[in-house]
Amino acid sequence: MINLRASYNQETEEMVDRLTSDLGITRIALLYQDDSYGRAGYNGVQAALERRDMTLAAVGVYPRNTTAVKTALLDLREGQPEAVIMVGAYEPVAALVAWSRHLGFIPVFMTISFVGSNALAQELGPEGAGVFVTQVVPFPTDTSLPVVQAYHRALAAFDPDAVPGFVSFEGYLAGRLTILGLERCGPELSRDCFLNSLRSAEEIDGFKLRFDSADNQGSDAVFLTVIGADGRYRAVTSLSSM
């Protein structure tokens with residue numbers, strides 16, 4: 001198995017590191033979807049906290065394919081957390097944030113890249129301002145990067161009305177990595193050649209990759225973003241500057 005992007009564990013580690021280092025937060029709670037995806041996020045948060053001799057202030061769980069988050073919200077609020085990390089789909093995550101704000105429960109909210117950034121911002125509307133999302137690819141609108149320029153050309157050729165986003169950009173990069181491996185092997189394709197070609201890739205138009213014999217994950221980069229009052233994402237270098 002070859003992974004292009006940083007793992008959920010790396011995303012949750014970045015969240016906990018920023019919350020504790022930048023803001024000095026000690027009470028962190030977790031909302032997660034009750035399935036393997038949600039539990040992967042739960043395990044990542046737990047591991048990050050254990051490395052700091054910390055435990056979760058509260059846990060909220062909601063059923064997959066629902067927006068039934070009210071019970072989870074009550075469980076989270078009971079723990080009086082300063083921050084809530086959310087591992088779920090965009091609709092229940094948005095519902096939790098909206099209900100929390102309605103009730104005057106306003107911790108720092110953070111969620112991971114799987115949520116679908118564009119969909120989350122649209123679903124939240126004005127309630128989204130200040131919600132943080134970790135990303136595993138650069139900004140899909142930063143056309144100073146050659147790979148983003150190439151992505152925009154491909155997206156426009158596929159659908160002139162398509163809006164650039166983190167999710168489709170991640171998919172584009174995965175496709176580009178696959179093509180790179182196929183091109184290096186040529187018509188005499190074999191499993192070994194394909195895997196070795198992928199592992200030897202060092203970049204995709206400036207997007208840095210690093211594989212080795214003991215590491216099948218190309219990128220370890222995690223980027224922190226926040227939704228602004230205008231509904232657009234912007235990069236965050238430090239939570240203490242917010």
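Higher on the page you've got the structure.
For every chain, the first residue of the written sequence is number 1, and numbering continues from 1 onward in sequence order. Only residues with pLDDT of at least 70 are given local features in this predicted model, and only at 80 or more are side-chain atom pairs given and counted; all residues enter the totals for whole chains, interfaces and linings. The basis for every side-chain value is the complete set of non-hydrogen atoms in the structure, without hydrogens or water.

## Looking at the sheet that holds strand 1 (residues 28–33)
Backbone hydrogen bonds hold the strands of a sheet together, and the pairing may be parallel or antiparallel. Across the sheet, seven strands lie side by side as 2-1-3-4-5-8-9; this open sheet has mixed pairing. Two strands bound the open sheet, and with one partner strand each, they are strand 2 (58–62) and strand 9 (233–235). Averaged over all adjacent pairs, the angle separating strand axes in this sheet is 25°, with direction ignored. Pairing analysis gives five bridges linking strand 1 to strand 2, with the strands arranged parallel. Across the sheet, residue L30 finds its bridge partner in strand 2, namely V59. Helix 3 (residues 70–78) contacts strand 1, strand 2 and strand 3 (83–87) of the sheet and is inclined by roughly 175° relative to strand 2. When DSSP finds two or more bridges between two strands, those strands count as paired. Here a helix means four or more residues in a row that DSSP labels H or I, a strand means two or more in a row labelled E, and each is numbered from the N terminus. Here an angle of 0 to 180 degrees is reported between the N-to-C directions of two axes, which are lines fitted to C-alpha atoms, with helices fitted over the stretch in contact. We call two residues in contact whenever any of their non-hydrogen atoms come within 4.5 Å of each other.

## With respect to the nonpolar core
Core analysis: the largest hydrophobic core is formed by 47 residues, its most contacted members being M86 and L120. Of all elements in the fold, only strand 1, strand 2, helix 3, strand 3, helix 4 (90–102), helix 5 (117–124), helix 6 (146–158) and helix 7 (166–185) reach the threshold of two or more residues within this core. Of the residues forming this core, the biggest block, six residues, is contributed by helix 7. Setting aside its immediate chain neighbours within four residues, M86 contacts L31, V93, L96, V97, F109, M110, T111, I112 and V131. Grouped together as the second largest cluster of nonpolar side chains are 24 residues, V16, L19, Y37 and L224 included. As used here, the term nonpolar core means buried Ala, Val, Leu, Ile, Met, Phe, Trp, Tyr and Cys residues forming a set that is joined through side-chain atoms within 4.5 Å. A 1.4 Å probe rolled over the protein chains alone gives each residue an accessible area, and that area as a share of the maximum for its type sets the label: buried under 20%, exposed over 50%, partly exposed in between.

## As for empty space enclosed by the protein
Only protein atoms enter the 1 Å grid used here, on which a cavity is any set of points holding a 1.4 Å probe that cannot leave and a pocket is any open set flanked by protein within 12 Å on both sides along at least five of seven lines; residues with an atom within 4 Å of a point are listed as lining. Grid points are joined across faces, edges and corners, and a volume is the space filled by probe spheres set on the points. By the definition in use, this model includes one cavity of 30 Å³ or more. There is about 30 Å³ of room inside the largest cavity. S113, Q135, V136, V137, F166, V167 and E170 are the residues that line the largest cavity. With three residues, the single largest contributor to the lining of the largest cavity is helix 7. In the scheme used here, Gly and all other residues not listed as nonpolar or charged are polar, with Ala, Val, Leu, Ile, Met, Phe, Trp, Tyr, Cys and Pro taken as nonpolar and Asp, Glu, Lys and Arg as charged. Here the lining of the largest cavity is built from residues that sort into four nonpolar, two polar and one charged.

## Let's talk about unusual backbone geometry
Even without being glycine, N65 reaches a positive phi, approximately 60°. Its place among the elements puts N65 in the loop between strand 2 and helix 3. For N65, a relative accessible area of 71% puts it in the exposed group. Despite not being glycine, Q80 shows a phi value in the positive range, around 50°. Note that Q80 resides in the loop between helix 3 and strand 3.

## Comments concerning the pairing of strand 3
Within strand 3, five of the five residues are buried, which leaves the element mostly enclosed by the surrounding structure. Judged by which residues are buried, strand 3 turns out to be covered on both faces: A83, I85 and V87 on one side and V84 and M86 on the other are all buried. One ladder, built from five bridges, connects strand 1 with strand 3; its direction is parallel. Following the sheet pairing, L31 is matched in strand 3 by M86. As defined by bridge partners, strand 3 adjoins strand 4 (residues 108–111) across four bridges and the pair is classed as parallel. Residue pairing across strands places A83 opposite V108, the latter belonging to strand 4. Looking down the strands as they point away from you, a crossover is right-handed if its path from the first strand over the helix to the second goes clockwise. Taken together, strand 3, helix 4 and strand 4 form a β-α-β motif whose crossover is right-handed.

## Quick look at the pattern of salt bridges
Counted as salt bridges are all cases of a side-chain nitrogen of Lys or Arg within 4 Å of a carboxyl oxygen of Asp or Glu. Taken as a whole and judged by the stated rule, the model has 11 salt bridges. The residue R5 makes a salt bridge to E11 at a minimum N-O spacing of 2.5 Å. The exposure class of R5 is buried, given its relative accessible area of 16%. With a shortest N-O distance of 3.6 Å, E170 and R5 are connected by a salt bridge. Here the residue E170 occupies a position in helix 7, and R5 occupies one in the segment before helix 1 (8–23), the gap between them amounting to 165 residues. Residues joined in a network through salt bridges with shared partners are E13, D17, R51 and R52.

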